[in-house]
Amino acid sequence: MAKLVLSFQGRVLEDFPLSKERVSVGRAPDNDICIENLAVSGRHAVIETLLKDSFLIDLGSTNGTFVNGAAVTRHPLRNGDYITIGKHSLTYHSETYSSAEADVEKTIAMRPTMKRAEPAPIPMIGKLTVQNGGSAGREMILSKPLTKLGKAGFQVAAISRRQQDYYLEHIEGKDGRTPKLNGVEIGLQPRQLNTGDVLEIAGTQLKFVLASAEV
């Protein structure tokens with residue numbers, strides 16, 4: 001059964017199995033997934049499940065619903081999708097995805113001489129290089145699911161890894177300031193990182209690159 005995992009600032013709060021055709025999300029206490037935060041509308045969004053497919057639908061919420069950093073009104077969910085509602089996040093886990101992979105593994109085990117039609121994709125990993133200050137030139141490999149950066153009490157951000165994609169997310173900042181991406185503050189929504197992007201967190205500039213993990 002597919003499920004949603006609710007988290008706040010990188011801390012997992014609760015799992016919600018999608019056991020009904022319609023699962024509601026919002027601040028009102030009678031929602032299936034109740035998120036008590038003023039940034040969340042009373043009736044914020046719903047997840048509709050038909051057979052093995054689930055769809056996220058925004059209900060005209062005040063602050064919007066985001067999937068992998070992009071605003072959506074209706075979105076077919078895929079395994080690993082990262083949903084942002086207010087300051088909370090929901091990660092979608094599809095049972096059909098893991099079942100499909102298990103079927104592939106069984107087929108390979110039964111037919112060891114069978115060749116793949118296409119070569120396996122080269123695994124990629126994110127890296128940061130410090131651009132300024134006394135640590136200029138220092139490299140950091142982003143191999144963990146979540147890496148926190150910055151200075152507590154001044155500015156803290158997180159870079160989350162979802163399969164081979166990376167997202168920059170604000171956690172806390174003095175006077176409401178958020179990290180910068182290519183010179184522009186990112187605000188409260190996660191932003192996907194691309195090779196060559198320059199981040200600024202707590203005064204430290206870092207260059208992001210996505211490179212082969214085999215190098």
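Residues numbered from 1 in each chain as written. Predicted model: local features only at pLDDT ≥ 70, side-chain atom pairs only at ≥ 80, totals over all residues. Heavy atoms only, no water.

1. Concerning the sheet that holds strand E1 (residues 3–8)
Two strands in a sheet stick together by hydrogen bonds in their backbones, pointing the same way (parallel) or opposite ways (antiparallel).
Next, step 1: Within the open sheet, the six strands sit side by side as E2-E1-E11-E10-E7-E8. Their pairing is antiparallel. The sheet is open, and its two edges are formed by strand E2 (11–17) and strand E8 (70–72), each paired on a single side. Going from strand to strand, the sheet's axes swing by 30° on average, the running direction of each strand aside. (Pairing = 2+ DSSP bridges. Helix = DSSP H or I, 4+ residues; strand = E, 2+ residues; numbered from the N terminus. Axes fitted to C-alpha atoms, helices over the stretch in contact; angles between N-to-C directions.)

2. Some points on the pattern of salt bridges
Next, step 1: Taken as a whole, this structure holds four salt bridges when the rule is applied.
Next, step 2: In this structure, the salt-bridge partner of Lys3 is Asp15, at a minimum N-O distance of 3.2 Å. With Lys3 in strand E1 and Asp15 in strand E2, this pair connects stretches of sequence that are twelve residues apart.
Next, step 3: Salt-bridge contacts for Arg22 lead to Glu48; the nearest nitrogen and oxygen are separated by 2.7 Å. One end of the pair, Arg22, is in strand E3 (residues 22–26); the other, Glu48, is in strand E5 (residues 45–50), with 26 residues separating them in the sequence. (Salt bridge = Lys/Arg side-chain N within 4 Å of Asp/Glu carboxyl O.)

3. Section: the nonpolar core
Next, step 1: Core analysis: the biggest nonpolar cluster contains 20 residues, and Leu4, Leu56, Ile83 and Ile85 have the highest contact counts within it.
Next, step 2: Mapped onto this core, the elements with two or more residues apiece are E1, E3, E5, strand E10 (82–85) and strand E11 (88–93).
Next, step 3: Not counting residues within four places of it along the chain, the set of residues in contact with Ile83 comprises Leu4, Leu56, Thr65, Phe66, Val67, Leu77, His88, Ser89 and Leu90.
Next, step 4: Leu128, Ala157, Ile186 and Leu206 belong to the second-largest nonpolar core, a separate cluster that totals 17 residues. (Core = buried A, V, L, I, M, F, W, Y, C linked by side-chain atoms within 4.5 Å. Buried < 20%, exposed > 50% of the residue type's maximum accessible area, 1.4 Å probe, protein only. Contact = heavy atoms within 4.5 Å.)

4. Some thoughts on the side chain of Asp58
Next, step 1: Note that Asp58 resides in strand E6 (residues 53–58).
Next, step 2: One polar contact links Asp58 to Ser61, side chain to side chain, over a distance of 2.6 Å.
Next, step 3: Here the side chain of Asp58 touches Thr65 through a polar contact of 2.5 Å, side chain to side chain.
Next, step 4: When sequence neighbours within four positions are dropped, the list of residues in contact with Asp58 reads His44, Ala45, Gly64, Thr65, Val72 and Thr73. (Polar contact = N/O pair within 3.5 Å; in protein donor to acceptor, adjacent residues only side chain to side chain.)

5. Looking at the sheet that holds E5
Next, step 1: Within the open sheet, the five strands sit side by side as E4-E3-E5-E6-E9. Their pairing is mixed. Strands with a single pairing partner mark the edges of an open sheet, and in this sheet they are strand E4 (33–34) and strand E9 (74–76).
Next, step 2: Across three bridges, the pairing between E6 and E9 is antiparallel. When the bridges of E9 are listed, Phe55 appears paired with Pro76.

6. Focus on the pairing of strand E16 (residues 165–173)
Next, step 1: When strand E15 (residues 155–162) meets E16, the two strands line up antiparallel, connected through eight bridges. Within E16, the residue paired with Ser160 across the bridge is Tyr167.
Next, step 2: In this sheet, strand E19 (residues 191–192) lies alongside E16 in antiparallel orientation, the contact comprising two bridges. Counterpart to Tyr167 in the pairing with E19 is Gln192.

Geometric values such as these leave the question of function open.
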